[in-house]
Amino acid sequence: MNDNAAPPRRETIASLQIVRALCMIAILCVHTTANATVLMKQSEYYAVYNFLNVFMRFGTPTFIFLSGFVLFYNYYELPFNAGRIGRFYVRRMKFILLPYFLASIFYYLLAYYLNHRDLTLTEALRQFGGQLLVGKTFFHLYFVFINVQFYLFFPLALWCLKKAPGLLKGGVPLGLALQYGFVILNEYEWHVPNSGSWMFSYLSYYLLGAFLGSYYPKIKGWIVAGRENATKARVVFWALLWCAWLAAALSNVAIYYRQRMFGTRYPALLYDFLWNAHTYLGAAVLLQAAFFIHRRFPQGVVRTLSLLGSLSFGIYLAHPFFLVLYEHRPPSTGNSVLVHAWYAGKFLFVLGCSWLTVGFIARYVPFSWIILGHSPPAGTRTEASER
């Protein structure tokens, strides 16, 4: 095959923007209920706060799953060459690393102000540099740090899986084995600090995405649940998938509720297993749900979610600023109705302000990609220009 020839384009998967939107909503639920899981234990509705905080934790892992899905969907059938990989890295530097660097500066200065730090310029630069390299300038930037690791890993993974297709066919068990190998060894031997900030804690999601993205045209009928794709085997598979996901998610919610309310402690590996089962199965469930929403919901809802998904990276970078603004004035009354309204308002305020700000910048500010990353118009083919 001629590497310079224009390769055939795969079909647009517009539903992926809906997955991103659902992930962004989930992340905002987790972040806006975090304080409530500590401060609202006396409330009769504490179980609701705990549920929202734990049940919605599928956001970050599913974003990593999507990264693997999109990259392998776009690149697996293409020739592996230096030019294409070079363009891949140039795009990541422009649309991921540059916004990450600028966001890190902004949030380091914000944290410096909020924590009343008193450092010399040399000390501050040294501290900033150390935090920048591991995604620690603010609580949410670890996710970008994880993605950078996967971007560095991608060409090697692509080359290995193209050279040994059998590894890709076994991508699901391979990813689980590698991830749990790291988790178990870290628990008993390595004790790596901040292990959740390293890609090895998320390999199963990435390789699940790689498997589904590479084979999507062949297995689409198993992924897209609908009457036209229904067979007895597929219906059983869909039912088992959703039931297993709900069981894992509710079990995960339950152990955190007992820990937070009664101080009950469980083995560390149980927390890892239930979180992984909850979010790993949740990535597949969310993909199915997005296809259903795209095909069955009113077009206004689909367009709104697709727009949110297209702006999700910028919203992810921006939302902690609005969270800090809102939490600067916590409720001063003991009236439970007003307190619950304050927490509900926090979610709406953070989502609304982040969305409006990022949307305005993306539409009206020249070179907005410098601070927001690449925000493709809703409904366009993800990363089509890379091909």
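Q: Explain the confidence of the model for the protein chain residue by residue, including any values.
A: Summary statistics for the protein chain give a mean pLDDT of 90 and a share of 93% for residues scoring 70 or more. Long-range and interchain partners of residues 1-6, a stretch whose pLDDT sits below 50, account for 5 contacts in this model, where long-range means more than four residues apart. A low-confidence stretch, residues 377-387 (pLDDT under 50), is modelled with 36 contacts involving residues beyond four sequence positions or located in other chains.

Q: Quick one: what's the story with the layout of surface pockets, residue by residue and with numbers?
A: Roughly 890 Å³ of volume is contained in the largest pocket. Looking at the largest pocket, it is lined by 36 residues, and the ones nearest its centre are Gly-196, Tyr-202, Tyr-256, Asp-272 and Trp-275. Breaking the lining of the largest pocket down by element, the ones donating at least two residues are helix H1 (15-33), helix H4 (59-75), helix H9 (171-190) and helix H12 (268-296). It is H9 that contributes the most residues to the lining of the largest pocket, 6 residues altogether. Residues of the lining of the largest pocket, tallied by class, amount to 18 nonpolar, 13 polar and 5 charged.

Q: So, the environment of Tyr-266: which residues are in play, and what are the values?
A: Within the secondary structure, Tyr-266 is located in the loop between helix H11 (232-262) and H12. On the basis of relative accessibility, which here comes to 24%, the residue Tyr-266 falls in the partly exposed class. In sequence terms Tyr-266 and Tyr-256 are 10 residues apart; their C-alpha atoms lie 9.5 Å from each other. Those residues in contact with Tyr-266 that lie beyond four places of it in its chain are Ile-255, Arg-258 and Tyr-271. One polar contact links Tyr-266 to Arg-258, side chain to side chain, over a distance of 3.1 Å.

Procedures and definitions
- Residues numbered from 1 in each chain as written.
- Predicted model: local features only at pLDDT ≥ 70, side-chain atom pairs only at ≥ 80, totals over all residues.
- Heavy atoms only, no water.
- pLDDT = per-residue confidence, 0-100.
- Contact = heavy atoms within 4.5 Å.
- 1 Å grid on protein atoms, 1.4 Å probe; cavity = no way out; pocket = protein on both sides within 12 Å on 5 of 7 lines; lining within 4 Å.
- Points joined across faces, edges and corners; volume = space filled by probe spheres on them.
- Helix = DSSP H or I, 4+ residues; strand = E, 2+ residues; numbered from the N terminus.
- Nonpolar A, V, L, I, M, F, W, Y, C, P; charged D, E, K, R; others polar.
- Buried < 20%, exposed > 50% of the residue type's maximum accessible area, 1.4 Å probe, protein only.
- Polar contact = N/O pair within 3.5 Å; in protein donor to acceptor, adjacent residues only side chain to side chain.

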